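Letter by letter, the chains look like this.
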Amino acid sequence: MVVTFIGLALVTLGVLLVVRVATRFRGRRTDEQSTGAHGVGIALGASFVFWGVLLVLIDAWNG
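### Remarks on the environment of leucine 55
Piece 1. For leucine 55, the position within the fold is in helix H2 (residues 37–62).
Piece 2. Under the relative-accessibility criterion, leucine 55 is labelled partly exposed at 30%.
Piece 3. Setting aside anything within four residues of it in sequence, one finds leucine 55 in contact with Val3, Ile6, Gly7 and Leu10.

### Points about the environment of alanine 60
Piece 1. Here alanine 60 is to be found in helix H2.
Piece 2. Put simply, alanine 60 and methionine 1 are 59 residues apart on the chain and 9.0 Å apart in space, counted from C-alpha to C-alpha.

Conventions adopted
Residues numbered from 1 in each chain as written. Predicted model: local features only at pLDDT ≥ 70, side-chain atom pairs only at ≥ 80, totals over all residues. Heavy atoms only, no water. Helix = DSSP H or I, 4+ residues; strand = E, 2+ residues; numbered from the N terminus. Buried < 20%, exposed > 50% of the residue type's maximum accessible area, 1.4 Å probe, protein only. Contact = heavy atoms within 4.5 Å.

In short, the description is geometric, and any link to function would need to be established separately.
Laid out in structure tokens, this is it:
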């Protein structure tokens, strides 16, 4: 049960991070130099979602 809550928290935080980074990047001007931080933020958010879903699935599978 605790593992499920941790997994759901990771999924929620990951989705919020991806949405925040994607919406911030959308408003950038094209003449600004990119640091690549938006890609790192999206990758980090996606990994949170992946591991969160994996935790929920494993916990559900083991009942």
